[in-house]
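Structural overview for review
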Amino acid sequence: MIFGVLTVLTQIGGLVFLIYKPVGLYIKKRFKKAYMRTPIKILTFSVIYLVATTMVVPIFAIPFDRVPMPMFSSEGIPIKPRTILTCLTNRHYVKLELRTEIFRIAQSFSKKHPKAEILYLDANFPFLNGFPLLPHLSHDDGEKLDLSFFYKDPKTDESINSSPSWIGYGSFEEPKKGETNQPGVCQKRGFWQYDITKYLTFQRGKPALEFDESKTADLIKSCSSSSSIKKIFIEPHLKSRLGLGGYDKVRYHGCHAVRHDDHIHIQL
Ligand SMILES: [Zn+2]
C-alpha cells in the first residue's frame, strides 16, 4: 500500500521505498523500542527520498526530455512554484522547449510588471509518457503546465504573489450573472468531478486577495503569442471577461476535465 500511494503521489517514492526497505529492516533490528525506531525510520527514508528527488532524478530525467522547473524565483527568471511541495513530489517536470518558453515569457512579463512573479502549479512527472499525474488527465508527457492566476490587494491594488488556496487550485472565479455558466452545464450533465478541486483544498485567503484580471489576461496573451505554446485552457466566462475573444489558442477543455476558472493550463 505504501509503495502504491508513494508511486501515485510522487512517481519515484515507491521505488525509493523499496531501496530504503533493507535499511528499514536493519533499523528495526537495531532499535527495539518503537518510540526510538519510528522517528529514525522516517528520518532515514526522508533523507534518501530528498537526495533522490533533488540530485538523482533531474539527471535521469534528461533522456526522457524532462527538466525541472525552478524551486525558487530569481531576479533573472521570476517564476516559482505556488508550493514547494510541487517540487518535493516531482510534479514540476516539463520538456526543455516548454521551460525555455515559459522562462522567456516570465522575463518579458517582469519588465512590464516588475513586482509580479509567475506562480506555476502542477506540471508533469519526470519519467515515462502516459504515466498519469492525478487528478490531471493530460499532464503525462512533459508538454503541460498549469499557472496560477494573479491576485492583488483589494485595498491598495498592489500585486500579491500568492493565491487564495494553498496549492493554487480550487478557488473559483465563478461566472457572474449574464456570463456563460459552463460549470453549471457540466454539473447538470452529471460530470461530478468538474469542481472536485474545491474539496481538495483549503482556502483562507479569498477575502484578502482579489482576482487581478488585467495581469492574468496579460499573461495569457503572452503565452498565446508564443509559437511553441499551442493550447491554453480557461473557462469560457473568463475568456470573455478578460477580453480574449480573438485569441484562438484559448479554448474550452470539455466537461470531462476539471474546471479552469481557478488556474490557466498551457501546453505545447
Ligand atoms: Zn493542466
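The coordinates are above.
A brief report on the enclosed structure follows. (Residues numbered from 1 in each chain as written. Predicted model: local features only at pLDDT ≥ 70, side-chain atom pairs only at ≥ 80, totals over all residues. Heavy atoms only, no water.)

**Side note on the coordination of the zinc ion**
Condition: Metal sites are built from N, O and S donor atoms within 2.8 Å, or 3.2 Å for Na, K and Ca, and they leave out water, so they may look incomplete. The helix count covers DSSP runs of H or I at least four residues long, the strand count covers runs of E at least two residues long, and both are numbered beginning at the N terminus. Type-normalised accessible area, obtained with a 1.4 Å probe on protein chains alone, sets the label of each residue: buried when under 20%, exposed when over 50%, and partly exposed for intermediate values.
Only His139 (NE2), Asp146 (OD) and His265 (ND1) from the protein coordinate the zinc ion, and they sit 2.0 to 2.1 Å from it. Each donor residue of the zinc ion lies on the same chain, and together they follow the pattern H-x6-D-x118-H. Here Asp146, found in strand 5 (residues 144–148), pairs with His265, found in strand 11 (residues 263–267); they are 119 residues apart in sequence, far enough to count as distant. Assessed through its relative accessible area of 0%, Asp146 is described here as buried. Relative accessible area serves as the criterion here: at 3%, His265 is assigned to the buried category.

**Considerations on the sheet that holds strand 6 (residues 151–152)**
The condition that has to hold: A strand pair is defined by DSSP finding two or more bridges across the two strands.
Taking strand neighbours across the sheet as the criterion, the three strands line up as 7-6-8 in an open arrangement whose pairing is antiparallel. Among the strands making up the open sheet, the edge pair consists of strand 7 (159–160) and strand 8 (210–211). Examined bridge by bridge, strand 6 and strand 8 share two bridges and lie antiparallel to one another. Each bridged residue has a counterpart across the sheet, and for Tyr151 the counterpart in strand 8 is Phe211.

**Considering the state of the cysteines**
The condition that has to hold: Any cysteine sulfur atom paired with another within 2.5 Å is treated as part of a disulfide.
Summed over the entire model, instances satisfying the criterion amount to one disulfide. Not engaged in a disulfide, the cysteine Cys87 finds its nearest cysteine sulfur in Cys223; these two sulfurs lie 19 Å apart.

**Points about empty space enclosed by the protein**
The line we're drawing: We place a 1 Å grid over just the protein atoms. Points where a 1.4 Å probe fits but has no way out form a cavity, open points with protein on both sides within 12 Å along at least 5 of 7 lines form a pocket, and any residue with an atom within 4 Å of a point lines it. Grid points are joined across faces, edges and corners, and a volume is the space filled by probe spheres set on the points.
By the definition in use, this model includes one cavity of 30 Å³ or more. For the largest cavity, the full set of lining residues is Glu117, Ile118, Leu119, Ser148, Phe149, Phe150, Tyr151, Ile160, Asn161 and Ser162.

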